[in-house]
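# Commentary on secondary and tertiary structure
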Amino acid sequence: EVHIVESGGGMVQPGGSLTLSCAASGFIFTDYGMSWARQAPGKEPEWVSRISYGSTPFYKNSVKGRFTISRDNAKTAVYLQMDNLQPDDTAVYYCYYDPTVGGRIWGQGTQVTVSS
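Residues numbered from 1 in each chain as written. Predicted model: local features only at pLDDT ≥ 70, side-chain atom pairs only at ≥ 80, totals over all residues. Heavy atoms only, no water.

### As for the overall build of the chain
Formally: We count a stretch as a helix when DSSP gives it H or I for four or more residues in a row; a strand needs E for two or more, and each element gets its number in order from the N terminus. Values of the radius of gyration come from C-alpha atoms, whereas the globule rule sets the reference at 2.2 Å times the count of residues to the power 0.38. For every residue, the accessible area obtained with a 1.4 Å probe (protein chains only) is divided by the maximum for its type, and the residue is called buried under 20%, exposed over 50%, and partly exposed between those limits.
When you go through the chain residue by residue, the secondary structure sums to 0 helices and 11 strands. Start at the N end of the chain and walk to the C end: the helices and strands fall as β-β-β-β-β-β-β-β-β-β-β. Compactness check: the chain gives a C-alpha radius of gyration of 13 Å against a globular reference of 13 Å for 116 residues, within 12% of the reference. Its C-alpha atoms put the chain at 40 × 25 × 20 Å along the principal axes. Taking all 116 residues of the chain together, the buried fraction comes to 40%.

### Here's the deal with the state of the cysteines
In protein chemistry, a disulfide is the covalent bond that joins the sulfur atoms of two cysteines. For clarity, the threshold we go by: Only a pair of cysteine sulfur atoms within 2.5 Å qualifies as a disulfide here.
Counting across every chain of the model gives 1 disulfide. One disulfide in the model links Cys22 with Cys95; its S-S distance is 2.1 Å. Judged by the sign of its S-S torsion, about -75°, the bond between Cys22 and Cys95 is left-handed. Here Cys95 lies in strand 9 (residues 91-97) and Cys22 lies in strand 3 (residues 18-25), a separation of 73 residues in the sequence. With a relative accessible area of 1%, Cys22 lands in the buried category. Residue Cys95 is classed as buried on the basis of its relative accessible area of 0%.

### As for the environment of Val114
So the rule is basically this: Residues count as neighbours in contact if any of their non-hydrogen atoms are within 4.5 Å of one another.
You can see Val114 is positioned in strand 11 (residues 110-114). Along the chain, Val114 and Asp88 lie 26 residues apart, while their C-alpha atoms are 7.7 Å from each other. Excluding residues that lie within four positions of it along the chain, Val114 makes contacts with Val12, Gln13, Pro14, Leu85, Gln86, Pro87, Asp89 and Thr90.

### A look at the side chain of Arg71
Note the threshold: Within this scheme the basic residues Lys and Arg register as positive and the acidic residues Asp and Glu register as negative, but His and the chain ends are omitted. Any carboxyl oxygen of Asp or Glu that lies within 4 Å of a side-chain nitrogen of Lys or Arg is treated as forming a salt bridge with it. We define a polar contact as two N or O atoms separated by no more than 3.5 Å, with the added condition that, inside protein, one atom must be a possible hydrogen donor and the other a possible acceptor, whereas residues neighbouring each other in sequence contribute only through side-chain atom pairs.
Summarising the element assignment, Arg71 is placed in strand 7 (residues 67-72). For the buried Arg71, no salt bridge exists, and the shortest N-O distance to an oppositely charged side chain is 8.3 Å, to Asp31. A polar contact of 2.8 Å, which involves the side chain of Arg71, links it to the backbone oxygen of Phe29. Reaching out from Arg71, the side chain makes a polar contact with the backbone oxygen of Ser52 at a distance of 2.9 Å. Apart from the residues lying within four places of it in its own chain, the contact partners of Arg71 are Phe29, Thr30, Tyr32, Gly33, Met34, Ile51, Ser52, Tyr53, Ser55, Ala77 and Val78.

Fair warning: the whole summary comes from geometry, so function is off the table for now.
Below you can see the structure in the form of structure tokens.
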């Protein structure tokens with residue numbers, strides 16, 4: 001059974017940092033890219049970042065230079081280092097992947113709140 005579990009959210013002041021973790025299991029982790037998305041209150045979900053199975057990173061323009069995605073294949077984990085956080089980054093952050101068969105698999109999400 002596939003499990004995706006995010007952790008590391010919290011509340012920080014503007015300019016602060018957080019590192020989100022995503023623990024994955026139940027599939028061949030090294031075969032898949034992994035992604036982060038977020039959903040702010042009252043808004044549609046939006047893609048934030050992706051890391052390919054070969055560790056090539058991709059970012060939404062608004063987080064480039066502030067967020068860094070990485071993966072540890074030995075630990076089957078993905079990380080999102082978020083620096084210089086701003087109030088607009090406040091959202092529930094989700095980790096997910098797209099299996100070859102079947103629909104997208106999401107984690108339960110972790111709340112990030114940026115406020116002074």
